[in-house]
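One letter stands for each residue in the lines below.
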Amino acid sequence: MGSLFLKRPTLSSAVWVLSLFLSSSCFTSSEAHTGSGNITIKWDLISWTPDGYVAVVSIYNFQKNRPIRRPGWKLSWTWAKKEVIWSMMGARAVNQGDCSRFKGNIPHSCTKNPTVVDLRPGTPFNQQIANCCRGGVLEPGTASSFQLSVGNGGTTEKTVQRPTRFIFTAPGQKYICGQTRNVKPTIFVSPDKRRMTRALLTWNITCLFHKATRMMLETF
Ligand SMILES: *[C@@H]1O[C@H](CO)[C@@H](O)[C@H](O)[C@H]1NC(C)=O
Ligand SMILES: *[C@@H]1O[C@H](CO)[C@@H](O)[C@H](O)[C@H]1NC(C)=O
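Residues numbered from 1 in each chain as written. Chains lettered and ligands numbered in written order. Predicted model: local features only at pLDDT ≥ 70, side-chain atom pairs only at ≥ 80, totals over all residues. Heavy atoms only, no water.

**Q** Tell me about the side chain of Ser 144, and please be specific about residues and values.
**A** In this structure, Ser 144 sits in strand β7 (residues 143–151). Polar contacts involving the side chain of Ser 144 include one to the side chain of Arg 134, which spans 3.4 Å. The contact partners of Ser 144, leaving out residues within four places of it in the chain, are Val 57, Ser 58, Ile 59, Trp 73, Asp 118, Asn 131, Arg 134, Val 137 and Leu 138. (Helix = DSSP H or I, 4+ residues; strand = E, 2+ residues; numbered from the N terminus. Polar contact = N/O pair within 3.5 Å; in protein donor to acceptor, adjacent residues only side chain to side chain. Contact = heavy atoms within 4.5 Å.)

This is the structure:
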């Protein structure tokens, strides 16, 4: 083994290493744009409230071969105006931010850039919604959801503003997310399939795998 290596002229082994590098980087870039799928984040606005709306946010792992493992995904975005999160189910914002302008009812989060993480399995039922609470684990082909009540937001289709600059991260994985787009409103079918309801508005954000990152500095 060692003698075989010594017999190689230096130049050819350099070329060999270079071509290995090139082929792996070609693979990575083509994989990022086509074959391996995407993460789609979908916001369904399900009701208007006196000062905003209630939305169910679902994160779909449409990647065939890339599971998201513990300690799980994190999702951040930037609010368009001075929106706050009154309450959340199925996930939580990691930082509350400055809620000092509120008296009495204090929002769950007042920061302009909330970062949200999943809750653990075994979360009390009154904090759960369907498909939540997997500790941030997202196997290929599965989805996780959480619900949030947004205040200081628009209260009609005309005045509501889309959150932007989404950042989705997972342990050891970096993604790049696109724009928040208005898409056809989701149709929900009741469990007994006898009633269909429609989201008021639906927004999609698609994130593509960008590169592997070091996991050492990940914290929860
Ligand atoms: C994301 O992946 C799904 C499933 O493969 C696909 O239907 C959808 O078109 C993709 N979205 C984008 C924006 O590429
Ligand atoms: C929006 O996302 C949902 C869930 O991933 C998907 O089913 C739907 O096709 C997407 N819509 C568009 C227009 O990409």
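**Q** Got a sec to walk through the site of ligand 2? Specific residues and values, please.
**A** If you check the shell around ligand 2, you find Thr 40, Lys 42, Tyr 60, Phe 62, Arg 181, Val 183 and Asn 204 and nothing else. For ligand 2, an oxygen atom lies 2.4 Å from a polar atom in the side chain of Asn 204. Of all elements in the fold, only β1 (39–49) and β10 (181–183) reach the threshold of two or more residues within the shell around ligand 2. Along the lines of polarity and charge, the residues of the shell around ligand 2 split into three nonpolar, two polar and two charged. (Near = heavy atom within 4 Å. Nonpolar A, V, L, I, M, F, W, Y, C, P; charged D, E, K, R; others polar.)

**Q** Describe the state of the cysteines, listing the residues and the values that go with them.
**A** What the rule picks out here adds up to three disulfides. Through a disulfide, Cys 99 is tied to Cys 110; the S-S separation comes to 2.0 Å. Between Cys 99 and Cys 110, the disulfide has an S-S torsion of 110° and is therefore right-handed. With Cys 99 in the loop between β5 (91–93) and β6 (115–118) and Cys 110 in the loop between β5 and β6, this pair connects stretches of sequence that are 11 residues apart. For the pair Cys 99 and Cys 110, one class covers both residues: buried. With its sulfur 2.1 Å from that of its partner, Cys 177 forms a disulfide with Cys 207. Since a negative S-S torsion denotes a left-handed disulfide, the Cys 177-Cys 207 link at about 100° is right-handed. Of this pair, Cys 177 sits in strand β9 (residues 173–177) while Cys 207 sits in strand β13 (residues 201–212), and the two are 30 residues apart along the sequence. In terms of burial, Cys 177 and Cys 207 fall into one category: buried. (Disulfide = S-S within 2.5 Å. Buried < 20%, exposed > 50% of the residue type's maximum accessible area, 1.4 Å probe, protein only.)

**Q** I'd like a description of a positive patch on the surface, backed by residues and values.
**A** Residues Lys 82, Arg 101, Lys 112 and Arg 165 make up a contiguous surface patch of positive charge. Considering the arrangement of structural elements, one finds Arg 165 in strand β8 (residues 164–170). Exposure remark for Arg 165: the relative accessible area of 63% places this residue in the exposed category. (Patch = residues over 30% accessible without salt bridge, like charges linked within 9 Å, V, L, I, M, F, W, Y side chains within 5 Å. Areas by Shrake-Rupley, 256 points an atom, 1.4 Å probe, with all protein chains shown as cover. Salt bridge = Lys/Arg side-chain N within 4 Å of Asp/Glu carboxyl O. Lys, Arg positive; Asp, Glu negative; His and termini not counted. Charge placed at Lys NZ, Arg CZ, Asp CG, Glu CD.)

**Q** So what's going on with the packing of aromatic side chains? Which residues, and what values?
**A** What the rule picks out here adds up to 13 aromatic pairs. Between Tyr 53 and Trp 203, the ring centres sit 6.2 Å apart and the planes meet at 90°, which makes this aromatic pair edge-to-face. Of this pair, Tyr 53 sits in strand β2 (residues 52–61) while Trp 203 sits in strand β13, and the two are 150 residues apart along the sequence. This pair shows no difference in class: Tyr 53 is buried, exactly as Trp 203 is. (Phe/Tyr/Trp six-rings, centres within 6.5 Å; stacked < 30°, edge-to-face > 60°.)

**Q** Requested: an account of the nonpolar core, with residues and values cited.
**A** Formed by 33 residues in total, the largest nonpolar core has its most connected members in Ile 41, Trp 43, Leu 75, Trp 77, Phe 146, Leu 148 and Phe 168. Counting residues per element, this core draws most heavily on β13, at five residues. (Core = buried A, V, L, I, M, F, W, Y, C linked by side-chain atoms within 4.5 Å.)

**Q** How would you summarise the pairing of strand β3 (residues 74–78) if you had to cite specific residues and measurements?
**A** Successive residues of a regular strand alternate their side chains across the two faces of the sheet. By the criterion of burial, β3 is predominantly enclosed, with four of the five residues buried. Where β3 and β6 come together, three bridges link them in antiparallel fashion. Considered in β6, the bridge of Ser 76 is made with Thr 115. Across four bridges, the pairing between β3 and β8 is antiparallel. From the neighbouring strand, Ser 76 faces β8, where its bridge partner is Ile 167. (Pairing = 2+ DSSP bridges.)

**Q** Can you explain the pairing of β1? Please cite residues and give values.
**A** Two elements, β1 and β13, share seven bridges in a ladder whose sense is antiparallel. Across the sheet, residue Lys 42 finds its bridge partner in β13, namely Asn 204. Bridging between β1 and β2 involves 10 bridges; their strand directions are antiparallel. By the bridge assignment, Leu 45 is partnered in β2 with Ala 55. Joining the antiparallel neighbours β1 and β2 is a turn of two residues.

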